[in-house]
Amino acid sequence: MITENIESIGRILPVPTNLITEELAGLYGSRVLQDMREIISLYDIYEKGVSFTPSSSEDYVPADLRYRRSSAILDKEVRFLFSKPPEFTVKAQTTDAAPTDEQKEQLAIVQQLVDNVLEANSFNLKLIKGARDAFIGRRVAMVLNFNSDGISISCIPSLEFIYDVDPSNADRMTKLVIFYNTNDEKSLQDQRIYRKRYSMEDDGLCHMEEAIFDGSGQLVESIIEDTALRFTFIPAVVVVNDGLTGDLQGVSEIEAIAGYESWYSKLANADMDSERMGMNPIKYAIDASPESTKNLPVSAGAFWDLQSDQNTDGKTAQVGVLKSDTTYTGALGTTLDRLKQAMYDQLAVPNVSPDAMQGVVTSGKTLKAIYWDLIVRCDEKMLTWRPALKFIAKCIIEGAKLYPESYAAYIEDKLPDIEYEVIVDNQYSLPEDEQEEKQTDLSEVESQVMSRRSYMKKWRGLTDDEAEAELEQIARENEIMNSAYGFSGAGMEPTAEEPDDNGSQTSPNDPNAGGQVTGAGTSQNASEGNSGANTED
């Protein structure tokens, strides 16, 4: 399927092949060229749908409608994975001792830097688009740049970069070359291709160079000569989609479902052709004179004046219609549903269309069970994406330390040099039974296994300071209520009137009350008061 599309597609590689082959020599370089041609075909399938061979006929033009089921299902998978962006948390390195107030303030500054850089770069939007590129084009690169203007994060699709790794450590990148066209000129001499090259050299530092080439791969302008950066690693990460051990190219989601989509479109188009022919049935005439059947009108309410053929003996002219047989409709619908379900199953995406969900009670638990396969699949993908996202956050922090002028636009304080770790928590856009969960948390608050502060932060979205202010306000209101109604403590009864030993009521203003005292320790205080009175006597 992919090979056929390569031959039929008219697009070419975005850069001259000699710029690629000189960077990646040998067998791996030739595989990369073939891989990039296949990726062009995969993007064509995503944008236009899978091509198929329609039924040929000289009597009519067959339908050629591509249904693009692959792109629709892939987009659902990407939205579920990253439509609710992951959370980045900078924490103190795990130790037995709790972080001090000073460490908490320093961690807050680092957290602010990471959050502001990600927000300034619209990272959440870039992440979901980058994931879509990775699912289509097998891999994607995320590159960071540091300069006096700030810190930038870019997502590079697989057709615009090549990379290489250490032969003894596939997790250590040794080379990254980024290239893209800067214009759309047709002449090779007028085309301009930007190339940015990162490489690890013998001095242990990352080196960078930038240049402009023409369409034939000839150097036009050198922007930055070979320059040693302050990094001991390449400030970029490549996310490879799925694949096996040691696979540097990855696997496309489109490949898994393209064949199913081709058959789906072919059968659906054949059904459309059958319906078109059924709407214009074949008409026939028996024993009618050729002169009376010429140019018969077919508009609504038309009248036909047919005459019998004079060459027939006593036969009457007859007219009829050949109706199309639609007994295949049920079997065709079953086949199309089976093909569609197979596409969903290949990517573990549930089919939640209204027809498929008829009779299903859509509670939070039911939806979680329906989406369970997709949740597991996304958890598997996060095993690749989470380390890459952690690298992005750590590269922001370490790069800001190496280039202090780059973070001035994001934080006012000086970036502290503190030991830290980055936690990345992913979230899925799946409705939950919130009311039931709230009741469970309330019972935990009452049983004192969950604090009121944690409950407020979870369900009301309050910060630590806002939750603290809310708790103080609740305490003040309780104190006011207790004072207004004569309470001296939680659970105490009002003491406006109390019975004496004889069962009679006494008032606090009664001079005969004998030093009656209210509140905790009443009996003891009363005894001490009486004892004092006896001593004075």
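Scroll up to find the structure this text is about.
This report concerns the structure included in the present document. All values derive from a computational prediction rather than experimental measurement.

## Some remarks on the overall build of the chain
Within the chain one finds 14 helices and 14 strands. Burial status across the chain gives 36% buried among its 537 residues. Across the chain, the fraction of contacts at a sequence separation of at least 24, relative to all contacts at a separation of at least 6, is 62%.

## Considerations on the sheet that holds strand S3 (residues 150–157)
Taken in spatial order, the three strands make up an open sheet running S3-S2-S9, and their pairing is antiparallel. Two strands in the sheet have a free side with no partner beyond their single neighbour: S3 and strand S9 (236–240). The sheet shows a mean angle of 15° between the axes of neighbouring strands, direction not considered. Strand direction decides the pairing type here: strand S2 (residues 139–147) and S3, joined by eight bridges, are antiparallel. Bridge pairing in S3 links Ala141 to Ile156. The strands touched by helix H10 (residues 372–402) within the sheet are S2, S3 and S9, with S2 carrying the most contacts at an inclination of about 10°.

## Details of the packing of aromatic side chains
Throughout the structure, instances matching the rule amount to 12 aromatic pairs. A ring pair is formed by Tyr67 and Tyr264, whose centres lie 5.5 Å apart and whose planes are at 80°; its orientation type is edge-to-face. With Tyr67 in the loop between helix H3 (27–48) and helix H4 (69–82) and Tyr264 in helix H7 (residues 253–279), this residue pair connects regions lying 197 residues apart in the sequence. Taking relative accessible area as the criterion, Tyr264 reaches 8% and is therefore assigned buried. One aromatic cluster is present, formed by Phe146, Phe231, Phe233, Phe391 and Tyr403 through successive ring pairs. Taking NZ or CZ as reference, Lys266 lies 5.2 Å from the ring centre of Trp263, over its face. For Lys381, the ring lying beneath its charged end belongs to Phe135, and the centroid distance is 4.6 Å.

## Brief notes about the packing of helix H12 (residues 452–459) against helix H13 (residues 464–484)
Two quantities define a packed helix pair, namely the angle between the axes and the distance from one axis to the other. Relative to each other, H12 and H13 sit at 125°, their axes nearing to 9 Å. It follows that H12 is oblique to H13 by the angle criterion. The interaxial crossing formed by H12 with H13 has right-handed handedness. Together, Arg452, Arg453, Met456 and Lys457 of H12 and Asp464, Ala467, Glu468, Glu470, Leu471 and Ile474 of H13 make up the contact between the two elements. Here the contact of H12 with H13 is composed, by residue class, of four nonpolar, no polar and six charged.

## With respect to the pattern of salt bridges
What the rule picks out here adds up to 25 salt bridges. With its nearest N and O atoms 3.0 Å apart, the salt bridge here joins Arg132 to Asp75. Within this pair, whereas Arg132 is found in helix H6 (residues 123–137), its partner Asp75 is found in helix H4, the two being separated by 57 residues in sequence. With a shortest N-O distance of 3.9 Å, Asp242 and Arg377 are connected by a salt bridge. A residue pair is termed long-range when its members are at least 10 positions apart, and Asp242 in the loop between S9 and H7 and Arg377 in helix H10 qualify at 135 residues. Residues participating in the shared-partner salt-bridge network are Glu22, Glu23, Lys175, Arg195, Arg197 and Glu209.

## Observations concerning the side chain of Glu210
With respect to the secondary-structure elements, Glu210 resides in strand S7 (residues 206–213). Owing to a relative accessible area of 13%, Glu210 belongs among the buried residues under this scheme. For Glu210, the side chain forms a polar contact with the side chain of Tyr194, separated by 2.8 Å. Discounting residues that sit within four places of it in the chain, Glu210 has contacts with Tyr194, Arg195, Lys196, Ser222, Ile223 and Ile224.

## Remarks on H10
In a regular helix each residue adds 1.5 Å, so 31 residues correspond to 45 Å; H10 covers 44 Å between its end C-alpha atoms and thus fits that length. Of all the bends in H10, the largest measures some 40° and sits at Leu383, one to four residues before the proline Pro387.

## Notes on a nonpolar patch on the surface
Among the surface-exposed residues, Ile282, Tyr284, Ile286 and Leu322 lie close enough to one another that they form a single nonpolar patch of about 370 Å² accessible area. For the nonpolar patch, the leading source of residues is strand S10 (residues 282–286), giving three residues. Mapping Ile286 onto the fold places it in strand S10. By relative accessible area, Ile286 is classed as partly exposed at 36%.

## Observations concerning the pairing of S7
For S7, a buried count of seven out of eight residues is recorded, marking the element as mostly surrounded by other parts of the structure. Across eight bridges, strand S6 (residues 193–200) lies against S7 in antiparallel orientation. What sits directly across from Tyr194, in S7, is Ile212. Between S6 and S7, which pair antiparallel and follow one another directly, the connecting turn spans five residues, one of which, Gly204, has a positive phi of 85°. In terms of strand pairing, S7 meets strand S8 (residues 219–228) through six bridges, oriented antiparallel. Across the sheet, His207 pairs through a bridge with Ala228, a residue of S8. Taking the residues between adjacent antiparallel strands as the criterion, S7 and S8 are bridged by five residues, where Gly217 takes a positive phi near 90°.

## Structural notes on the state of the cysteines
This structure, assessed with the given rule, holds zero disulfides. Lacking any disulfide linkage, Cys395 is separated from the closest cysteine sulfur, that of Cys206, by 9.8 Å.

## Quick word on the side chain of Asp166
With respect to the helices, strands and loops of the structure, Asp166 is situated in strand S4 (residues 161–166). Look past the residues within four positions of Asp166 in its chain and what remains in contact with it is Arg172 and Thr174.

## Considering the sheet that holds S4
Strands in a sheet are paired, the pairing made by backbone hydrogen bonds, and the direction either parallel or antiparallel. The five strands lie next to each other as S4-S5-S6-S7-S8, forming an open sheet whose pairing is antiparallel. Single-partner strands in this sheet number two, and they are S4 and S8. Strand-to-strand, the axes of this sheet are offset by a mean angle of 15°, without reference to chain direction. Of the pairings in the sheet, the one linking S4 to strand S5 (residues 169–181) comprises six bridges and is antiparallel in character.

Rules and cut-offs
- The residue numbering used here restarts from 1 in each chain and proceeds along that chain's sequence as written.
- A pLDDT threshold of at least 70 governs which residues receive local features in this predicted model, and a stricter bar of 80 or more applies before side-chain atom pairs are shown or counted, although totals over entire chains, interfaces and linings include all residues.
- Computation of side-chain values covers all heavy atoms of the structure but excludes hydrogens and water.
- Helix and strand assignments come from DSSP, with helices taken as H or I runs of at least 4 residues and strands as E runs of at least 2, each series counted from the N terminus.
- Three labels apply to residues, based on accessible area from a 1.4 Å probe with only protein chains included: buried if under 20% of the type maximum, exposed if over 50%, partly exposed otherwise in between.
- The criterion used for residue contact is that any of the two residues' heavy atoms lie within 4.5 Å.
- Only strands that DSSP links by at least two bridges are regarded as paired with each other.
- Lines fitted to C-alpha atoms define the axes here, with helix axes fitted over just the stretch in contact, and angles between the N-to-C directions of these axes take values from 0 to 180 degrees.
- Any pair of Phe, Tyr and Trp rings, taking the six-membered ring for Trp, is counted once the centres come within 6.5 Å. Such a pair is stacked with planes under 30 degrees apart, edge-to-face with planes over 60 apart, and tilted for the rest.
- Lysine NZ or arginine CZ positioned within 6 Å of the ring centre and within 35 degrees of the ring normal marks a charge as sitting over the ring.
- Any angle that is under 35 degrees is reported as roughly parallel, and any over 145 degrees as roughly antiparallel; angles of 65 to 115 degrees are reported as roughly perpendicular and all others as oblique.
- Note: crossing handedness is left-handed where the near helix turns anticlockwise from the far helix by less than a right angle, and right-handed where it turns clockwise.
- In this count, Pro and Cys sit with the nonpolar residues alongside Ala, Val, Leu, Ile, Met, Phe, Trp and Tyr, while Asp, Glu, Lys and Arg are called charged and the others, Gly among them, polar.
- We define a salt bridge as a side-chain nitrogen of Lys or Arg found within 4 Å of a carboxyl oxygen belonging to Asp or Glu.
- What qualifies as a polar contact is a pair of N or O atoms within 3.5 Å, subject to a donor-acceptor requirement within protein and to the restriction that residues adjacent in sequence count only when both atoms come from side chains.
- Each residue after the first adds 1.5 Å to the expected span of a helix.
- Note on bend: the value at a residue is the angle between axes fitted to the seven residues ending there and to the seven starting there.
- Distance thresholds for patches are 9 Å for like charges and 5 Å for nonpolar side chains (Val, Leu, Ile, Met, Phe, Trp, Tyr), applied to residues having over 30% relative accessible area and no salt bridge.
- Only the protein chains shown count as cover for residues, and the accessible areas themselves come from Shrake-Rupley with a 1.4 Å probe.
- Disulfides are defined as pairs of cysteine sulfur atoms found within 2.5 Å of each other.

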